[in-house]
Amino acid sequence: MNELKEISSRIKELREIGGKTTADMARLTEVPERDYIAIESGHMDPPFTFLHKCALAFGIDITALLEGHSAKLSHFQVNRAGQGPVTVNEQGILIRNMAAMFKGRLATPYFVTYEYDERQQKMPIHTTTHDGQEFDYVVSGSMRVKVGDHEETLNAGDSIFYKSSTPHGMIAVGGEKCTFIAMIMAGNTEEQSLPMVRMRRRKPNEPLLAEKFVKCEEDENGKLAHIRYEHDDEFNFAFDIVDEIAKKDPNRLAMLHVSAHMRERRFTFKDMMELSNRVANYMQSLGIKKGDKVMLILKRHFQFWPTMLACQKLGAIAIPATSQLKSHDLTYRFQAGDVKAIFCTGDGDVAIEADAAEKEIGAKLVKVLVYGKREGWHDYNAEVPGFPDVFERTADSPRGNDPMLMFFTSGTTGYPKMALHSCKYALGHYVTAKYWHLVERDGLHFTISETGWGKALWGKFYGQWLCEGAVFTYDFERFDAEKVLPMFEKYNITTFCAPPTIYRMLIKEDISKYDFTSVRHATTAGEALNPEVWTQFERATGLQIAEGFGQTETTLSLANLLGDELEPGSMGKPVPDYGVDLVDTDGNPVPAGENGEIVIRTDRKNPHPGIFLGYYKDAEKTDEVWRHGFYHTGDLAWKDENGYYHYVGRADDVIKSSGYRIGPAEIENVIMELPFVLECGVSAAPDPVRGQVVKASIVLVKGVHGTDTLKEEVQRYVKEHTAPYKYPRIVVFRDELPKTISGKIQRNLL
C-alpha cells in the first residue's frame, strides 16, 4: 500500500471510529463531499490544509495522519541531518517538522529551505499571518524578510523575532538557497502549525497550447519584454484552446461554479467542449447561423460559458449584456445591433422587458430562456441536452479577423457605442492572465464581474483558459462581503481581481478575520484605484493590488505586470509591443510629468490582437477615435520618471479653473484618505469669475452625518495634501453617486 493509500485509510478509519459521515467530514474540512470521498478513497492527493483540518476534527496530532502514529516523546527528541517529516515540499520550498514526535509541545520548530528564484527579486514579497509569535534563525545563505511594512535582509547567524499575526513573508536572496530555523510559538495553549506558503508564479511543466499562437520573450527575471503572434489568422478560441485542452487533459478543471443557492458545480474542459457542441447544434436548429447577432443576458449562470463557446464555433456574433437593462435600453440595442436572437436569464423581469422591446421594434426574435418557462420562449435547460455533443470544425468556421464579439460601451454620456471584435481578441488576453493576473495551470482565479461586462471576459474566460487555469464563479444577485470573503479559504482561490468599488466595500469590513493565505495576487481595473484603498487592503491582507488599464475597445493596455515594482495609485506601464503612448493635442509625445492622452499606435486595417475592429455601423464615430495612426482612448494620464502612468480622468471630465487644468482623480484620491468617506466624485461647477470650480460630491460611511464642519475639514485636508488651487470650493454630501449601469461615476450628473 503506497503512502497516499495509507493516509487515506487512516482518515477513513478515524472517521468511522468517530461515527462521522462523509458529509460531516466534508463540512469540517471545508471541501465538497465528492472531493472528500475522492481523498478518502485514495483517488485524490490531500493538500496539507485538508490534513490539518482532519487532525483538528479527529482531535489528534497531524503526525498521526502523516506517519501513522502519535507523538509519544515528552522529554526530548533528536533529529539527525535530513530527518523530520516533510510538511511542505512545493514551489522551491521544503519544510520539515523537527518536533513531530514530541507531545504536548508549546512551540514547533521547522527546518526550512527556500530555493533562490531570480524572478522573485523584483516582486513584492508575499505575506501571510497566523496566531502566536515566530523566531527565525538563518543557518546558511541569505533571506529578505518582510514584517508589516518593514523589510530586512538576514545573513547566516542573523535572526528575527516577531508577532506572527503581523503580515510577514520571506524569499531567498544573494543568488543561492537559504536555510533557516522557524520556531512557531503558541499565542494560546494550542499547538501551532506553520501556515501554507503562498504560491509564486512558476513556469508550467509543459508548454501551453496557446504558445502556438502567442510568443512571449521574458528577461532574466521573468518579466515580459516582447510579444508577437503567429498563426493568429487561423485562430479560433473555442476550437484551438478549449477543445484542444479537452482532448489533451479531459479532466482538467475549467470552472468551479457556485450558484446563488450555494450549489457547487465543477466543469472540466471536456464538459465545456461537449456542452458547447450541444449548444452550437441547438442554435443551428433554431436557425442561427454565422454572422447573426446573439445577445446573452445570463448574469453569472454557468450556461453563459458553453453558449459563448457555441457562438464562436458557429460564427454567431455574441453580444454580452447586463441583466439591469430595461425595455428602452433593449429596444435601442436590438435595433442598433441587428439582434436576431436572445439567450436570457429567467430571473427577475428581464424576459418581460425583452418582450416589451421586441414588440416595440416590431420584429420576431429567437428567444431562449435559461431557468424558467415563458410563452414564446424556448427552454434552454430542457432542450439543449437533446442535441449531439459533437460539432465539427469546417473550412467555413470563424477564425482570425472574422467578427466574433460585440460589446456595448459603458460611456458616461450619450448612447453606448458597439465595439466590434474579431476572433483575435481572445489572444490579446494572454498577457492579461499570465503576466497581470498571474494565472497558473493549477490555480483558481476569481474575478468579480457580471457576464454582461467586458471585465468578465477579461477575468472569467479568455486569458485564464489560454493559461489552462480554472475560473471560480459565484452567481450572486447582490454583493455580500460576508458571503464572499469566506470563499477564498474554502475554495483555495489563488488569484483575485475586482473593480475598485468592490475593494472600497471590502476595506470597510473587518477583513482581517478572514483567511487570505491561499491568495497570492490581487488586481483591479475599471476605474482609478485610490491609493488609500490600496494601502488599507495591503494592511489587512498583506496583498498589494496590481492596477491595470484597458477599455471595452481594447484588452489590457497598461498594467503593473509581473516583475514591476507595484506603485500605489499608478496604472502601471505600457504592455510591451502594444503601442501605447501619451500625446498632446497635436499628437506629439509629452514629457514625464505632463498630462497627455493615452493613445495606441496600431494598423487600423490589421490591429493588434485585442484592439477592436471599429464601432458597428458607425464609421463616423470610428473615424473620430481612430485617426493619424492612433486609436485615441479619450483618457488622460501623466507618466512619472520611471515610466509609470497615473490616471487623470476622461478628457471631458478635466476641470478648467482660473487657467488651471485639474484632473478629478487626484483630488478624489486625497479625499478618499479621510476615514469618514465611503465614495466621492469630483466634477466641475460653473463659476462667473473662474469659469469652473472644483466640486466634491461625497458619500459618507454609515453613522456619519454631513455638517458644515465636516465640509470645512474636507476642504482643509485637500489644501494641506495637494496644491491649494485644487481644493473643492463646493462640497456636497449625497446618499449615493449617479453611476452608469456598469458602476462608473457619471461626473456630468454631479
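First things first, this report covers the structure right here in the doc.

In this section: unusual backbone geometry. Of note, the phi angle at His231 is positive, near 60 degrees, even though the residue is not glycine. Within the secondary structure, His231 sits in the loop between strand S11 (224–229) and helix H6 (237–248). With a phi close to 55 degrees, His628 is a non-glycine residue in the positive phi region. Mapped onto the fold, His628 is located in the loop between strand S31 (626–627) and strand S32 (630–639).

Our focus in this paragraph is the sheet that holds strand S36 (residues 677–687). Ordered by their spatial adjacency, 3 strands build an open sheet running S36-S37-S38, and the pairing between neighbours is mixed. The sheet is open, and its two borders are formed by S36 and strand S38 (730–733), each paired with just one other strand. For this sheet, the mean angle separating the axes of adjacent strands, direction not counted, is 25 degrees. Helix H20 (residues 664–671) contacts S36 and strand S37 (691–700) of the sheet and is inclined by roughly 140 degrees relative to S36.

Inspection of the secondary structure puts Lys695 in strand S37. Between the C-alpha atoms of Lys695 and Ile730, which are 35 residues apart in sequence, the distance is 4.6 Å. Other than its neighbours up to four places away in sequence, Lys695 contacts Gly681, Val682, Ser683, Ala685, Ile730, Val732 and Leu750. At 2.5 Å, the side chain of Lys695 and the backbone oxygen of Leu750 are in polar contact.

Time to look at the packing of H20 against helix H21 (residues 708–721). Between H20 and H21, the least distance of the axes is 9 Å, while the angle of their chain directions is 115 degrees. Judged on the interaxial angle alone, H21 and H20 are roughly perpendicular. Crossing of H20 against H21: the hand is right-handed. Residues Ile667, Val670 and Ile671 of H20 form the contact with H21, whose own contacting residues are Val714, Tyr717, Val718 and His721. Taken together, the residues that form the contact of H20 with H21 break down as 6 nonpolar, 1 polar and no charged.

About the thresholds
- Residues numbered from 1 in each chain as written.
- Predicted model: local features only at pLDDT ≥ 70, side-chain atom pairs only at ≥ 80, totals over all residues.
- Heavy atoms only, no water.
- Helix = DSSP H or I, 4+ residues; strand = E, 2+ residues; numbered from the N terminus.
- Pairing = 2+ DSSP bridges.
- Axes fitted to C-alpha atoms, helices over the stretch in contact; angles between N-to-C directions.
- Contact = heavy atoms within 4.5 Å.
- Polar contact = N/O pair within 3.5 Å; in protein donor to acceptor, adjacent residues only side chain to side chain.
- Parallel < 35°, antiparallel > 145°, perpendicular 65-115°, else oblique.
- Left-handed = near helix turned anticlockwise from the far one by under 90°.
- Nonpolar A, V, L, I, M, F, W, Y, C, P; charged D, E, K, R; others polar.

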